[in-house]
Amino acid sequence: MPEPKHRIRALHTATTVTVYQAYAPEIGLPAAQDGHFPVAWKRDRMTWIKPSFLWMMYRCGWAGKEGQETVLAIEITRAGFEWALANACLAHYEHGLHPDRATWKRQLKRAPARVQWDPERDLHLQPLPHRSLQLGLAGEAAERYAEQWIVSIDDVTALAHTIQAQVRDGALDAARQLLPAERPYPAGDALLNHLRG
């Protein structure tokens, strides 16, 4: 069965979902050590969380890009994640989904979260035909994320480097076995219909 174009795939339990972010060490290391973001973390900026480990690797260049040297696996509550999805607006105007461009702009301005669907990536970080969710949190959503939703924060930078080394050596099966076990997230149509572009 081919993958549907828009589907959330994530490492999840009955109560949590794992998302990824990459930060400079001065943010990432204390966050992993203390289980919450340090004072230097900017709450007034939009922060993007990604359930796809390989999309995060694409974005941060296997933790090689400046300011993204520390990769965090952040376990958050499913209740919080689903609140963000329910209150999100698609980041781009989609004819047929939004009544008109002006309505979409108003919704986007009001929404505390926004969604982008970007091509999922393979182990070589090449695009796949199906898409991966990126969830942007601002205002109330960013506040709830930092203060209420986080269950745990782990530094997975070493894992990123290990998988990259396996890929570089051509050991793709070994690399694949190290990947987080992402599977379809049970988000029903009610949660996603307003976000499918």
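Residues numbered from 1 in each chain as written. Predicted model: local features only at pLDDT ≥ 70, side-chain atom pairs only at ≥ 80, totals over all residues. Heavy atoms only, no water.

Draft legend 1. The arrangement of the overall build of the protein chain in detail. When helices and strands are counted, the protein chain shows 8 helices and 9 strands. Taken over the C-alpha trace, the protein chain has a radius of gyration of 17 Å; the compact-globule value for 197 residues is 16 Å, and the two agree within 12%. Seen through its principal axes, the protein chain has C-alpha atoms that stretch 50 × 45 × 35 Å. Looking at the protein chain as a whole, 45% of its 197 residues qualify as buried. Counted over contacts in the protein chain with a minimum sequence separation of 6, partners at least 24 positions apart contribute 75%. Per element, the accessible surface of the protein chain, about 9900 Å² overall, is 51% carbon and sulfur. Taking the average place of the 23 positive charges on the side chains of the protein chain and the average place of its 22 negative ones, the gap between the two points comes to 8 Å. (Helix = DSSP H or I, 4+ residues; strand = E, 2+ residues; numbered from the N terminus. Rg over C-alpha atoms; globule rule 2.2 N^0.38 Å. Buried < 20%, exposed > 50% of the residue type's maximum accessible area, 1.4 Å probe, protein only. Contact = heavy atoms within 4.5 Å. Areas by Shrake-Rupley, 256 points an atom, 1.4 Å probe, with all protein chains shown as cover. Lys, Arg positive; Asp, Glu negative; His and termini not counted. Charge placed at Lys NZ, Arg CZ, Asp CG, Glu CD.)

Draft legend 2. Spatial organisation of the nonpolar core. With 36 residues, the main nonpolar core has Phe 37, Ile 76, Leu 85, Leu 135, Leu 137 and Tyr 145 as its most contacted residues. Sort the elements by how many residues they give to this core and helix 5 (residues 139-149) lands first, with 5 residues. Counting 19 residues, the second-largest nonpolar core is a separate cluster that includes Phe 53, Met 57, Val 156 and Leu 179. (Core = buried A, V, L, I, M, F, W, Y, C linked by side-chain atoms within 4.5 Å.)

Draft legend 3. Inspection of the pairing of strand 7 (residues 127-137) at higher detail. In this structure, strand 3 (residues 47-49) lies alongside strand 7, joined through 3 bridges in antiparallel fashion. If you follow Trp 48 over to strand 7, its bridge partner there is Gly 136. Bridge count between strand 6 (residues 113-121) and strand 7: 8 bridges; the pairing is antiparallel. Across the sheet, Pro 119 pairs through a bridge with Arg 131, a residue of strand 7. In this structure, the hairpin formed by strand 6 and strand 7 is closed by a connection of 5 residues, where Leu 125 is found at a positive phi of approximately 65°. (Pairing = 2+ DSSP bridges.)

Draft legend 4. Here's a closer look at the sheet that holds strand 2 (residues 16-23). One open sheet accounts for 3 strands, arranged 2-4-8; its pairing is antiparallel. Where the open sheet ends on each side, the last strands, each with one partner, are strand 2 and strand 8 (150-155). Going across the sheet, the axis of each strand differs from the next one's by a mean of 25°, ignoring polarity. Inspection of the sheet shows strand 2 paired to strand 4 (residues 70-77) by 8 bridges, in the antiparallel sense. Paired with Val 19 across the strands is Ile 74, a residue of strand 4. (Axes fitted to C-alpha atoms, helices over the stretch in contact; angles between N-to-C directions.)

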